[in-house]
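Structural description and commentary
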Amino acid sequence: QVQLVESGGGLVQPGGSLRLSCAASGSIFKINAMGWYRQAPGKQRELVAAIISGGSSNYADSVKGRFTISKDNAKNTVYLQMNSLKPEDTAVYYCNADAMRSPWSRSYDYWGQGTQVTVSS
(Lines give C-alpha, C1' and ligand atoms only; values in the text may rest on other atoms or scores of the structure.)
Protein backbone atom coordinates (compact mmCIF):
# COMPACT_ATOMS: atom_id res chain seq x y z
CA GLN A 1 0.00 0.00 0.00
CA VAL A 2 0.88 3.65 -0.35
CA GLN A 3 0.24 6.07 2.49
CA LEU A 4 0.09 9.84 2.26
CA VAL A 5 0.50 11.88 5.43
CA GLU A 6 -0.27 15.60 5.34
CA SER A 7 0.76 18.27 7.79
CA GLY A 8 0.84 22.03 8.10
CA GLY A 9 -2.78 23.07 8.16
CA GLY A 10 -4.24 25.46 10.69
CA LEU A 11 -5.83 28.82 11.35
CA VAL A 12 -4.34 31.91 9.73
CA GLN A 13 -5.44 35.49 9.27
CA PRO A 14 -6.21 36.88 5.82
CA GLY A 15 -3.01 37.82 4.06
CA GLY A 16 -1.04 35.25 6.00
CA SER A 17 0.89 32.20 4.86
CA LEU A 18 0.90 28.48 5.48
CA ARG A 19 3.01 25.63 4.14
CA LEU A 20 1.48 22.19 3.67
CA SER A 21 3.57 19.05 3.42
CA CYS A 22 2.64 15.59 2.20
CA ALA A 23 4.94 12.61 2.55
CA ALA A 24 4.32 9.41 0.62
CA SER A 25 5.50 6.10 2.01
CA GLY A 26 4.96 2.40 1.56
CA SER A 27 5.36 0.19 -1.47
CA ILE A 28 6.31 2.79 -4.10
CA PHE A 29 8.07 2.08 -7.36
CA LYS A 30 7.42 5.42 -9.01
CA ILE A 31 5.35 8.52 -8.36
CA ASN A 32 4.09 9.99 -11.62
CA ALA A 33 2.47 13.07 -10.14
CA MET A 34 1.45 14.60 -6.84
CA GLY A 35 -1.00 17.32 -6.15
CA TRP A 36 -3.24 19.15 -3.75
CA TYR A 37 -7.00 19.31 -3.87
CA ARG A 38 -9.38 21.13 -1.58
CA GLN A 39 -12.99 20.83 -0.59
CA ALA A 40 -14.96 23.57 1.09
CA PRO A 41 -18.28 22.88 2.85
CA GLY A 42 -21.04 22.34 0.33
CA LYS A 43 -18.67 22.41 -2.62
CA GLN A 44 -17.04 19.81 -4.82
CA ARG A 45 -13.43 18.83 -4.39
CA GLU A 46 -11.26 20.88 -6.74
CA LEU A 47 -7.68 20.74 -7.95
CA VAL A 48 -5.47 23.39 -6.39
CA ALA A 49 -2.06 22.51 -7.83
CA ALA A 50 -0.24 19.52 -9.25
CA ILE A 51 3.33 18.65 -10.17
CA ILE A 52 4.53 15.81 -12.35
CA SER A 53 7.70 13.79 -12.04
CA GLY A 54 9.49 15.95 -14.61
CA GLY A 55 8.81 19.05 -12.57
CA SER A 56 6.08 20.76 -14.58
CA SER A 57 3.25 22.15 -12.51
CA ASN A 58 -0.19 23.61 -12.98
CA TYR A 59 -2.48 25.67 -10.77
CA ALA A 60 -6.09 26.58 -10.38
CA ASP A 61 -6.70 30.11 -11.64
CA SER A 62 -7.85 31.16 -8.19
CA VAL A 63 -4.44 30.46 -6.62
CA LYS A 64 -2.03 31.45 -9.39
CA GLY A 65 0.57 33.88 -8.15
CA ARG A 66 -0.20 33.07 -4.50
CA PHE A 67 0.47 29.34 -4.13
CA THR A 68 3.58 27.41 -5.11
CA ILE A 69 3.85 23.64 -5.35
CA SER A 70 7.22 21.93 -5.06
CA LYS A 71 8.56 18.45 -4.42
CA ASP A 72 11.49 16.59 -2.97
CA ASN A 73 11.87 13.42 -5.00
CA ALA A 74 14.33 11.86 -2.57
CA LYS A 75 11.78 12.15 0.23
CA ASN A 76 8.66 11.46 -1.88
CA THR A 77 7.29 14.67 -0.42
CA VAL A 78 5.28 17.45 -1.97
CA TYR A 79 4.81 20.93 -0.51
CA LEU A 80 2.28 23.67 -1.03
CA GLN A 81 3.40 27.15 -0.04
CA MET A 82 0.32 29.31 0.35
CA ASN A 83 0.76 33.08 0.54
CA SER A 84 -1.69 35.97 0.61
CA LEU A 85 -4.37 33.67 1.92
CA LYS A 86 -7.99 34.68 1.57
CA PRO A 87 -11.10 33.55 3.47
CA GLU A 88 -12.24 31.76 0.33
CA ASP A 89 -9.18 29.51 0.60
CA THR A 90 -10.74 27.94 3.67
CA ALA A 91 -11.20 24.23 3.02
CA VAL A 92 -9.93 20.77 3.79
CA TYR A 93 -6.83 20.24 1.70
CA TYR A 94 -6.12 16.73 0.42
CA CYS A 95 -2.87 15.37 -0.94
CA ASN A 96 -3.04 13.13 -3.98
CA ALA A 97 -0.47 10.89 -5.62
CA ASP A 98 -0.55 8.99 -8.87
CA ALA A 99 1.83 6.16 -8.10
CA MET A 100 3.00 2.76 -9.30
CA ARG A 101 3.79 0.00 -6.84
CA SER A 102 5.87 -2.04 -9.29
CA PRO A 103 7.33 -1.75 -12.82
CA TRP A 104 4.63 -4.03 -14.24
CA SER A 105 1.58 -2.55 -12.53
CA ARG A 106 -0.65 0.31 -13.59
CA SER A 107 -0.69 3.49 -11.57
CA TYR A 108 -3.32 4.23 -8.96
CA ASP A 109 -4.60 7.32 -7.20
CA TYR A 110 -3.88 7.60 -3.50
CA TRP A 111 -5.27 10.17 -1.08
CA GLY A 112 -4.26 11.61 2.25
CA GLN A 113 -6.66 12.06 5.13
CA GLY A 114 -6.92 15.82 4.64
CA THR A 115 -5.80 18.81 6.64
CA GLN A 116 -7.98 21.78 7.57
CA VAL A 117 -6.97 25.27 6.46
CA THR A 118 -9.02 28.10 7.91
CA VAL A 119 -8.45 31.71 6.89
CA SER A 120 -10.24 34.05 9.24
CA SER A 121 -9.67 37.17 11.30
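All of the points below concern the structure found in this document. (Residues numbered from 1 in each chain as written. Predicted model: local features only at pLDDT ≥ 70, side-chain atom pairs only at ≥ 80, totals over all residues. Heavy atoms only, no water.)

Some thoughts on the overall build of the protein
When helices and strands are counted, the protein shows 0 helices and 11 strands. Along the protein, helices and strands appear, N-terminal first, in the series β-β-β-β-β-β-β-β-β-β-β. Taking 2.2 N^0.38 as the reference for a compact globule, 121 residues should give roughly 14 Å; the C-alpha atoms of the protein span a radius of gyration of 14 Å, in line with that estimate. For the protein, the spread of C-alpha atoms along the principal axes amounts to about 50 × 25 × 25 Å. Counting across all 121 residues of the protein, residues that qualify as buried make up 39%. Summarising the internal contacts of the protein: among those between residues at least 6 apart in sequence, 54% fall at separations of at least 24. Looking at charge distribution, the protein has the averaged site of its 12 positive side-chain charges lying 3 Å from that of its 8 negative ones. (Helix = DSSP H or I, 4+ residues; strand = E, 2+ residues; numbered from the N terminus. Rg over C-alpha atoms; globule rule 2.2 N^0.38 Å. Buried < 20%, exposed > 50% of the residue type's maximum accessible area, 1.4 Å probe, protein only. Contact = heavy atoms within 4.5 Å. Lys, Arg positive; Asp, Glu negative; His and termini not counted. Charge placed at Lys NZ, Arg CZ, Asp CG, Glu CD.)

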